[in-house]
Amino acid sequence: MSYLDQGEHRVLLHTEVRPEYNGRGLAGRLARHVLDDIRARGRRAVNLCPYIASFVAKNHDWDELLDDPTPGILAAVRELS
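Residues numbered from 1 in each chain as written. Predicted model: local features only at pLDDT ≥ 70, side-chain atom pairs only at ≥ 80, totals over all residues. Heavy atoms only, no water.

Attention now goes to the sheet that holds strand β4 (residues 66-67). Spatial ordering of the open sheet is given by β1-β2-β3-β4, a layout of four strands whose pairing is mixed. Edge positions in the sheet fall to β1 (2-6) and β4, since each has one partner strand and no second. Here strand β3 (residues 44-47) pairs with β4 via two bridges, running parallel. Across the sheet, residue Ala 45 finds its bridge partner in β4, namely Leu 66. Seen against the sheet, helix α1 (residues 26-40) touches β2 (9-14) and β3 and runs at an angle of roughly 170° to β2. Contacts from helix α3 (residues 71-80) reach β1, β2 and β3 within the one sheet, and its direction differs from that of β1 by about 130°. (Pairing = 2+ DSSP bridges. Helix = DSSP H or I, 4+ residues; strand = E, 2+ residues; numbered from the N terminus. Contact = heavy atoms within 4.5 Å. Axes fitted to C-alpha atoms, helices over the stretch in contact; angles between N-to-C directions.)

The next point concerns the packing of aromatic side chains. Inspection of the entire model under this criterion finds two aromatic pairs. Centre to centre, the rings of Tyr 51 and Phe 55 are 6.3 Å apart; their planes meet at 25°, and the pair counts as stacked. Here the residue Tyr 51 and the residue Phe 55 both occupy positions in helix α2 (residues 50-58), the gap between them amounting to four residues, near one helical turn. Given a relative accessible area of 32%, Tyr 51 falls into the partly exposed group. Looking at Phe 55, the relative accessible area reads 7%, which means it is buried. For the ring pair Phe 55 and Trp 62, a centre distance of 5.5 Å and an interplane angle of 35° mean the geometry is tilted. With respect to burial, Phe 55 and Trp 62 carry one shared label: buried. Among the aromatic side chains, those forming a connected cluster through ring pairs are Tyr 51, Phe 55 and Trp 62. If you follow Arg 10 out to its NZ or CZ, it ends over the ring of Tyr 3, 3.9 Å from the centre. (Phe/Tyr/Trp six-rings, centres within 6.5 Å; stacked < 30°, edge-to-face > 60°. Buried < 20%, exposed > 50% of the residue type's maximum accessible area, 1.4 Å probe, protein only. Lys NZ or Arg CZ within 6 Å of the ring centre and 35° of its normal.)

The next point concerns the pattern of salt bridges. Oppositely charged side chains may form a pair once their charged atoms are brought near each other. Throughout the structure, instances matching the rule amount to six salt bridges. Across the pair Arg 43 and Asp 5 runs a salt bridge whose closest N-O atoms are separated by 3.2 Å. Separated by 38 residues along the polypeptide, Arg 43 in the loop between α1 and β3 and Asp 5 in strand β1 bring together distant segments of the chain. The closest approach of N and O atoms between Glu 64 and Arg 39, which form a salt bridge, is 2.7 Å. Placement of the pair is Glu 64 in the loop between α2 and β4 and Arg 39 in helix α1, with a sequence separation of 25 residues. Ionic contacts of the salt-bridge type, sharing partners, join the residues Asp 5, Arg 10 and Arg 43 into one network. (Salt bridge = Lys/Arg side-chain N within 4 Å of Asp/Glu carboxyl O.)

Encoded structure:
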């Protein structure tokens, strides 16, 4: 999982599991752990990762945790490239 911390937000950028571990539910476990950790720390999340978007669409337990990206967050992400 790659992410960027930006103020109170953890910006979720990319989730990847090595190909030899595909199909074992590891990405879902990782997503659940990361989202639970963000909540436990009292932080907010901005999601830019397609996997996390799909995961949250199927598992609505974290809907209230997600905020839309702000121009400042998008600029910080662009600086990473």
